[in-house]
Each structure stands twice: as structure tokens, then as C-alpha cells.
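Single-letter residue listing:
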Amino acid sequence: MRFRYLGRVEFSTGSEWSSIPGGRPRALLALLIVNAGHVVTVERLVAELWPEDPPLSAPALIRGYVLQLRRTLGDSAKEIIITGTAGYELGVVDTPTDAERFEALAARGLAELEHGAPHEAESALAEALALWRGTPFLDAPPTPALGAEANRLRECRLHAAEARIEARMQLGKSAEVVGELRALLGEHPLREGLWAQLMRALHTTGNRADALEAYRRARQILTEELGLEPSGRLQALHQMILTDADPVPDPPASGTAAPPPGGHRNAPPAVLPHEVLRGNGAFAGRVADLARVERLLLDTNGPQVVVIDGVGGVGKSELAIHLAHQSAHRFPDGVCHVDLQGARGSAPPLEPTEALGRMLRSLGVPPPSVPGETAEAAARFRSLTANRRMLFVLDNACHAPQVQPLLPARSCAVLVTSRRALPVLGSVGYHLEAMSEEDSLDLLGRLVAPQRIAAEPDQALRIVRLCGGLPLALRIAGARLASRPHWPLRFLADKLASEQHRLDELKIDDLAVRSGFAISCQDLESLPEGREPVRVFRFLGIPRWSSITIPLTAALTDLPRHRAEQALESLLDARLLESPQPGHYRMHSLMRLFAREQAGVHLTKARRDDALLRALEYYVAAGLRVTALLDQLNVRWLTEEERVPPGGAARADRAITEPATPADAIAWLDDHRDSLVSAVRQAASIPGAHERMAIRLAATVCGPLRVRGHLQDSCALSESVLQVAGRVGDVLAEVRAHLNLACCRGSLDHDDGRSFMHLLGALDLCRTIGDSRWEGRALYELAAQLARHGDARAAGVYFNRGLGLLQAAGESHDVVLILHQLGLLEEGRGDTRAAARHFRRGVALAGGLGYRHGEYYNLAGLARLTAAVGDHGEAVTHFLRALDLAREVGEWHGEARLLGELAESLDRVNLRERARECRDHAVEILTDMGAVTADEVGAMRRSAPPTVPVRLTQPDSAIL
């Protein structure tokens, strides 16, 4: 996926560019693009899109725009536009935008010009300027943020155009640039740099009189418009032309800052410092990161102090060094680099006084004159850097008090790198994440012979993924391959595939991924408040799943929740964890292996097993709340013992109070479903209490997962249970697993043979143990399968047998579902009265039980039946009630289907506008779920039956 906005806002997934329909959706997408890597809150989006008088429905409109954008972008997986707790974020886009490419190329061109390479400068700058297709965000409605960004980009474009003209003049093409300069001055008549270039170009080509006329015109415009005389530089150029001397080239626009009025610049040192390290020579990718950090660094309205943080080995120092080289031309008074030694295990961090001494000596202060007291040295440092344009790279900082005294005067810029998130006053932070797969492959290709990568592209991708996009890991892997030219890539990939030995393989000479992680832990543990977070970090190495939350951590560590949260936030600050959204944390894949090692070293097996059991108990307790809110029938499938939270989770200090609403339960289940599968698999591998807890957890959440449409996850849980249940002799667990697999596999794979095998297996087990209640449920599932295959007669027989057994057992929730199925059977036979009788009985019984799912199923059936017999007024009433229930229980597929069916009835009663709204809403839901194709969308929107006037029994305002 690629985006561009130097002109119209467009996207591309191949060779063709496509526009975004709708002005405000275009503006919303543009806001997400320019804020990539950060969540843009709904509140801010409303303020941007409606700056003066936002409608009350603005948040709902934002959601609709996002659905429309996802549909347009083909983002059914919600990976491009990610929904956060407070807003939306643009997901990782591997290809830089045209603006980011423009700024990177322009920076390269300016650097080449500064280094005396006009040919290369002109080429890079021409390529950069060719990316412009018009005014930025041309077809998006103006918003405050987009307007400010467009102004900034236009200024960058003008600066690049001036630099390209300068390069062409240095190449002897002065005559060719005169016309371009006149055109630019027509748009920017107050820009003295352009007048100076025009005067020089005219004078160089022998047009002295025209050059003097250009000065006269510039002076006239400046005095009339601004009341100012031309600058001293322009006046000096005028004098040179008058005397027919050779004019000197203007310094670049990013050159030395002007001296203060009435004062003078601090005298520079005899040799301007340029102390940035060479780098390792294999920098790749990071185009977007470079552009964003440079934008922050050079923003004259911002602090110009950027703190780059990230996990050890993510490439912070290399990015800072590369950016310092790339931007050096913008800092004519020099670039200083100081390693603050916050990432060395073998040396203590540099004291501020020592760091100040190094920088003062670089600025020409004789060693005896360097103050020995921190405050005095810092004051002298600020005085010496006042009115200078310098860049200071403070590498490997360990904490904010180390950095604060090292900040120069405001005319300078500062790049800080740290493994911790540093709250440095007057700074802006930039969190550096792991590299994309594309950039990682690029880096590996620079380290290993290209022909080896080309020969085994799949293995190269395996290595990249096993390294988790961590540059240090990739460099080590690349170095090992480069030093062993006869190794196939598969050989190293197979070595890395072993989780137990992967960190051992990611080591060469004094470089090791493990060492970098260990230093971060040691630094945190050395702080008085850091011991508990490090202890928590070790416990986090026990689970084999990735999702980390506050209540889960509290259970793992047996800590109160507030202390668990404090520890997690400390680990986040130390960049041992990441936080994709509030309250949720995760580890880099290699960091998780390191945490697992630490757990093995510092925690006994008994403590690890107890911690895992507490985590499983938490999941069971939370899962019980989820199933009570989302799937009351699943509660009935649990034994009396299973309906009570397990011992540890029932303690008063660890009582489970969330999720509290059906919406919370849906969010919890969606957030944790991958972890639930991994938790059951891990627990099933440990004999005893853990495998029994695996059975409980699967029984608790299988139903809600199935109801939410996560059939693959529900199947995975039941398959794990089948392996354990036979081993521990839990027949009921086997029955439930067989029934769930029969239901899920029939929908997932349409593998009827496997489904019937599971059903027959469940029936045999029920009859073996003489459990009529579960036999009735198995008969219900068997009948449902037969009904789907069109065998209505056999299905009716088994439904009625199951109904008798379940009524006798008092299982009213199951009876509700059978009534629904019997209603469908009678409707299929054409007996609408019998069908309606079953549906109405089901609605009444479910309503008395408070069984929302069962009420929804039967009410939806009744609504469809009523519409089928032509009573569309009553059908609309039933559809509206069923819609409320579908939304309450989180039945998105059902909601979309009901909206489509409601639209047909509304068309029949001549409420076509309401019908269109229902269809559009249904399309949005299905598109958001990735459940329809573009052709199906068109067909859904086109369908509209003929009109039959009927009186409504409920106001049409309630439809949406």
C-alpha cells in the first residue's frame, strides 16, 4: 500500500493510483497519514474536520468515514487503519509517501551541493521536485493541521527549487535558470534569496544592466511592501555588480544564522567540529523514520530537541548517526557527538560534567579553562552555542538528569538516543520500532552477497522474521553468513528456528542480542524502584502467549493490580515492553525469549507452575463473565463447579469485575482470543492441575468464540481438549469438544464427513455414560446438520427426540434453540402457522429466561416469516426488535443480514430512503468484516423490490 498527497490524496496497491471518494474521508485519511505512528483521537478528528460547528453526530460520521476508507483501501483485516481505544492510527506502511521521498531526496541533494557535487545535487533535487503534482492535499477540504503541513511542505519545495537552481548555476547553466527564477519571483516577490540568484545569473551571462534592474525592482518591492531596505547581503551583491566584480555564491538557505542585531556571533573554533561516527556502512530502509525525525529536528517552531528511544538493538544510534550525516549541511557551525555510555555494561554512564567538558573542548575552550562544576560548565556551554547553528548528538543517554544540563542554546538542535523514554524538558520523543520486512530484507541483502539472497528468497524471509526486524539481530545474522560463504541460508534459518537456542545463535564476537537486553534489565534493576519491575519481567517470560494486560500480570505475579500496573509502566519506560494501546502490553519476539530465559534462571519450576496456574485461573474467571454476557447457553453447558471462578481468582483482592457489559465482553474476547488458544495449548502440555484448567478454560470460552464468528479459534481449543480429555478420563469434556467441532467444522470446512464423525462420537459417549441431557444436545446438533443438508424429515425426528430429552431435563435454553429450528423446518414445509407458533413460543420462553441470543434467533425468524407472507408493517416491527437484540449480543453478521431484510420490507412500504440507509449500513458492517466482495456490494445496493403500501406499526425514526 502506497500513499501520496503532493497534489491529490491518492493510494496505490500496484501500478495504478486511485482517488479516495468523498472530501472529508480524504481529509481524514490525510490526517492519519501525516500522523503515522500515532493515534489520532476522535476528538481531534472532529475538531479538524469541523473546526467551527461540529454536528452532534460527528463521532458517528467519523466511524462511517473510516468504514468507507477501509472499503476503498481493501482493508478488511483492519491492518491499514487500526482502531484504538480513543481513535484511529495508520498501520505500518512499508513504502514511504511521496512527501517523505521528496524530503529524503531533497536532503540528499542539499548535502551533495554542500559537499561540492553539483551534478549529483541537481539529479537528486530534480527527482525530488518531480514528485510534486500540485498543492499538497489538493482535493481534501482544508483543516488546521493539513493547512500547516501544506505550508511547511511548500516552503521545503521552494528551498529545494532554490538549491537546484544553485546547482545548475554551478554547472554553468545560468542562462537556463533565468526564466525559472522570474517565474518563482512572480509567486514569491519578497524572497531575497531568489532575487540574489537572479542578479547573479544575469550578471554571469553578461546582462549587467538587467542584473542592476533586478536589484532596483527587488528594493522597490521590499520598501513598498515591508518598509525595509534590502539585506546587507543583497546590497553587497549589488555593489559587486556595480564594480563588475565576480559575485560570490550565496550560502545555502539553511546556512549560518544571522548575527543578532547590534551584536556579533561567538567566534568559532579554529576547526569546526564534525565528530559524528562513521557508522557501520550498511544502513538500509528507515525512509519514513528519517523523514519524521528530521522534520521534528528542523522544526523552528518546535523544541529542536528529539529523543529517539526504543528497545536495545533497534538501531537508534545508527539512525541518529545517519541523520546527522544527512543533515550536516544544515548546521554550518559543526556537529558534535558524545557517547553518554548509558548502553555499556562495561563502563559507567558519563557524568554531565565530563560530557560538558568534552563538548566545550570541541568548541575551542582550552582544557584549563573548562569549569569543573556542572552548573557553571552548562552556563558556559549555552553562552558559547548562542547564535550558532550546530547539531549535538547525545548518544546512549541513560536518564533525563544526565541529559538536561547538556542542552545547548536554542539556536542549536539536539538528537538524543536512549533505551528509556526520557522526560527531558523541552524535548519531543520519537519511539523507534522494529524494521518492516521489506527494510529488513534490504538490510540483510547489503550484508550478504545478493546472489545468495536471490538463490534462497524464502529462507532470507525466514531469517528476517526470526530476527523480528531487529537491526542488531539482522546484522549479526548477516555477519555470520558473510563470514561463512558456503553456508546455505536455510542452515542458519533452521538454527534460528529453535526458540531454545535462537539467542545463542544471535551472537558474533562482542555483539549479542542477549547482552543488549541484559544491560537494559541491569540498568532498571540498579534503580531503587526498579527491582519489582525486573521481577515482574521474569514472570512475564512464563506464558507462551503475547498479550499482556494488567489483570493478567497481577495474577501471574500475585501482586495487587496497582503495583502490577506500576511495574508494567516501568518496563514500558525502559523499553523492555511496548504498549499498542492503554492497558495492553507486548514484548518483541526476541525479548520474550530473553524473558523466558530469565524466568528459568531466577524462578523455580514450582513458582513458574504456580504463576501459570494463577494466570489460567484469571482467564477462566474473566471468561465466565464473558460467556454470561454473550452466550447464556454456553453457561448451561458448564457444570455447577465450572460456573464458579477458580480458587485464586475468587479472592477478594483479585475479584474479576470486568468485562461489565456485552460491548466490553466483545472487546475483551477480540483482544484475547489468540492468547486464549496459546494458553490452553500451554496448559494442556503440563500434567495435573494445568491440564484440568485447560479443559475448564476451553469450556468457558469456546461458545462465545463461536458466537462471535471466531470458528478457527474455537476449533483449536476443542482439538486441544480432545487430546487432554482422553488422557485424564473426562468424558463430558470429550462430548463438548466433539459437539463444538461438529458445529464449527461444518461451517468452516463444509466437511460433512468430519462433522458427522464428531456428532456420532458425542452420541456414543453420551449413551455410554447414560447422560440424557447431553444426548439431547447431541441430537439437536445432528438434526441441525441434517436440516442443512435438506433432509427435513430426519431432522424433524431428531429435533423432536432432542426436545423431549431436554424438556425432561429442564434445559429451557436448549429448548429455545430447538423451537427456532422447528420453526424453520415448518416454514420450509410451507406451514407458516406452525412455524409462527414455534417462533412465538421461542420468543416468549427466551424472554422469560433473559436469554437474549435465543430471543434474537426466534424474533428474526418471526420477522422473516411475517415478511414472507406479505405483512411488511408487522415485519418491520419484528425486524427492529431483532436488530436491537443483535446489536446487544454482538451478532454483527446477524445485524447486517437483518438490515438487508429490513430494507426490503421498507421498500415495500415506500420508505425507500430509509431502505437505502439500511442497505448502506449493512454494506459497511460486512465490508468492515471483509465478508463481501466489491461485486456483492453493488448487488446489495441495487436491490429494491416493488412498492406495496402498508401502514407501519412503529415510527420509522427508530430504524437506525
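Residues numbered from 1 in each chain as written. Predicted model: local features only at pLDDT ≥ 70, side-chain atom pairs only at ≥ 80, totals over all residues. Heavy atoms only, no water.

Assigned secondary structure in the protein chain consists of 42 helices and 16 strands. Counting across all 960 residues of the protein chain, residues that qualify as buried make up 53%. When the accessible surface of the protein chain is totalled, it reaches about 40900 Å², and 51% of it is carbon and sulfur. Distance between charge centroids for the protein chain: 2 Å, based on 109 positive and 120 negative side chains. (Helix = DSSP H or I, 4+ residues; strand = E, 2+ residues; numbered from the N terminus. Buried < 20%, exposed > 50% of the residue type's maximum accessible area, 1.4 Å probe, protein only. Areas by Shrake-Rupley, 256 points an atom, 1.4 Å probe, with all protein chains shown as cover. Lys, Arg positive; Asp, Glu negative; His and termini not counted. Charge placed at Lys NZ, Arg CZ, Asp CG, Glu CD.)

Membership of the largest hydrophobic core comes to 124 residues, with the highest contact counts inside it found for Ile463 and Val513. The greatest single-element share of this core, amounting to 12 residues, is contributed by helix α27 (residues 605-630). The contact partners of Ile463, leaving out residues within four places of it in the chain, are Leu444, Ala477, Leu481, Leu489, Leu492, Ala493 and Leu496. In this structure, Val34, Ala36, Trp50 and Leu129 belong to the second largest nonpolar core, which totals 75 residues. (Core = buried A, V, L, I, M, F, W, Y, C linked by side-chain atoms within 4.5 Å. Contact = heavy atoms within 4.5 Å.)

Take a nonpolar patch on the surface next. A contiguous nonpolar patch, built from Leu190, Leu226 and Leu228 and spanning about 270 Å² of accessible area, is present on the exposed surface. Looking at the secondary structure, you find Leu226 in helix α9 (residues 208-226). Since its relative accessible area comes to 45%, Leu226 is described here as partly exposed. (Patch = residues over 30% accessible without salt bridge, like charges linked within 9 Å, V, L, I, M, F, W, Y side chains within 5 Å. Salt bridge = Lys/Arg side-chain N within 4 Å of Asp/Glu carboxyl O.)

For Gln304, the position within the fold is in the loop between α11 (287-298) and β7 (305-309). Taking the C-alpha atoms as reference, Gln304 lies 9.5 Å from Glu294; in sequence the two are 10 residues apart.

Here the focus is the packing of helix α6 (residues 144-170) against helix α8 (residues 192-204). Relative placement of two packed helices is described by the angle separating their axes and the distance separating the axes. Where α6 meets α8, the closest approach of the two axes is 11 Å, and the angle between their N-to-C directions is 15°. As the angle between them shows, α6 and α8 are arranged roughly parallel. Crossing handedness for the pair α6 and α8: left-handed. Packed against α6, whose contacting residues are Leu158, Glu162, Ile165, Glu166 and Met169, the element α8 presents Gly193, Leu194, Gln197, Arg200 and Ala201 at the interface. (Axes fitted to C-alpha atoms, helices over the stretch in contact; angles between N-to-C directions. Parallel < 35°, antiparallel > 145°, perpendicular 65-115°, else oblique. Left-handed = near helix turned anticlockwise from the far one by under 90°.)

Attention now moves to the packing of α27 against helix α30 (residues 689-707). In contact at an axis separation of 9 Å, α27 and α30 are set at 25° when each is read in the N-to-C sense. If you check the angle between α27 and α30, you find them roughly parallel. Considering the relative orientation of α27 and α30, their crossing is left-handed. Counting all contacts with α27, which are made through Asp609, Leu612, Leu613, Leu616, Glu617, Tyr619, Val620, Gly623, Leu624, Val626, Thr627 and Leu630, the residues of α30 involved are Ala689, His690, Met693, Arg696, Leu697, Thr700, Val701, Pro704 and Val707. Looking at the contact of α27 with α30 residue by residue, the classes come out as 14 nonpolar, 4 polar and 3 charged. (Nonpolar A, V, L, I, M, F, W, Y, C, P; charged D, E, K, R; others polar.)

Once that is clear, we can look at the pattern of salt bridges. Scanning the model with the defined rule gives 57 salt bridges in all. In this structure, Lys605 engages Asp609 in a salt bridge whose closest nitrogen and oxygen atoms are separated by 2.7 Å. Taken together, the positions of Lys605 and Asp609, both in helix α27 and 4 residues apart, correspond to about one turn of that helix. For Asp609, a relative accessible area of 18% puts it in the buried group. Because the salt bridges share partners, they merge into one network encompassing Glu122, Arg164, Arg168, Lys173, Glu176 and Glu180.

Once that is clear, we can look at the packing of aromatic side chains. Applying the stated criterion across every chain, the model contains 13 aromatic pairs. Through a chain of ring-to-ring contacts, the aromatic side chains of Trp545, Tyr618, Tyr619 and Trp668 assemble into a single cluster. Sitting above the plane of the Trp487 ring, Arg484 keeps its charged end 5.0 Å from the centroid. One residue, Arg777, lies across the ring of Trp774, its end atom 4.5 Å from the ring centre. (Phe/Tyr/Trp six-rings, centres within 6.5 Å; stacked < 30°, edge-to-face > 60°. Lys NZ or Arg CZ within 6 Å of the ring centre and 35° of its normal.)

A word on helix α39 (residues 872-889). Taking 1.5 Å of rise per residue, 18 residues should cover 26 Å, and α39 covers 25 Å from first to last C-alpha, within 8% of that figure. Burial analysis of α39 places 13 of its 18 residues in the buried class, which makes it a mostly covered element. (Expected span 1.5 Å × (residues − 1).)

With that settled, consider the pairing of strand β6 (residues 87-90). Pairing of strand β4 (residues 40-41) with β6, which is carried by 2 bridges, proceeds in the antiparallel orientation. Opposite Thr41, over in β6, you have Gly87 as the bridge partner. Here strand β5 (residues 81-83) runs beside β6; their pairing, made up of 3 bridges, is antiparallel. Bridge pairing in β6 links Thr83 to Tyr88. (Pairing = 2+ DSSP bridges.)

Sheet architecture is open: 3 strands sit in the order β4-β6-β5, paired in antiparallel fashion. Unpaired on one side and paired on the other, β4 and β5 mark the two borders of the sheet. This element, helix α1 (residues 23-34), spans β4, β5 and β6 of the sheet and lies at about 65° to β6.

What follows is about the environment of Ala742. Positionally, Ala742 belongs in helix α32 (residues 731-748). For Ala742, a relative accessible area of 1% translates into the label buried. As for Ala742 and Phe756, which are separated by 14 residues in sequence, their C-alpha atoms are 6.8 Å apart. Excluding residues that lie within four positions of it along the chain, Ala742 makes contacts with Ser755, His758, Leu759 and Gln785.

As a further point, take helix α24 (residues 550-557). Within α24, 8 of the 8 residues are buried, which leaves the element mostly enclosed by the surrounding structure. Along α24, the residues that are buried comprise Ile550, Pro551, Leu552, Thr553, Ala554, Ala555, Leu556 and Thr557. Packing partners of the buried residues in α24 comprise α23 (531-539), β14 (548-549), α25 (561-573), β16 (584-586) and α27. Measuring from the side-chain oxygen of the N-cap residue of α24 to the backbone nitrogen of Leu552 gives 3.4 Å; that N-cap residue is Thr549. (Polar contact = N/O pair within 3.5 Å; in protein donor to acceptor, adjacent residues only side chain to side chain.)

Our focus in this paragraph is the sheet that holds strand β3 (residues 18-19). With antiparallel pairing, 3 strands are arranged side by side in an open sheet as β1-β2-β3. Pairing within the sheet leaves two strands with one partner each, and these edge strands are β1 (2-4) and β3. Pairing of β1 with strand β2 (residues 10-12) involves 3 bridges; the strand directions are antiparallel. Note on β2: the bridge partner recorded for Phe3 is Phe11.

Mean pLDDT over the protein chain stands at 85; residues scoring 70 or higher make up 90%. Ignoring residues within four places in sequence, the model shows residues 248-268, a span with pLDDT below 50, making 38 contacts including any to other chains. Note on residues 930-934: pLDDT is under 50 here. Beyond four places in sequence and across chains, it has 8 contacts. (pLDDT = per-residue confidence, 0-100.)

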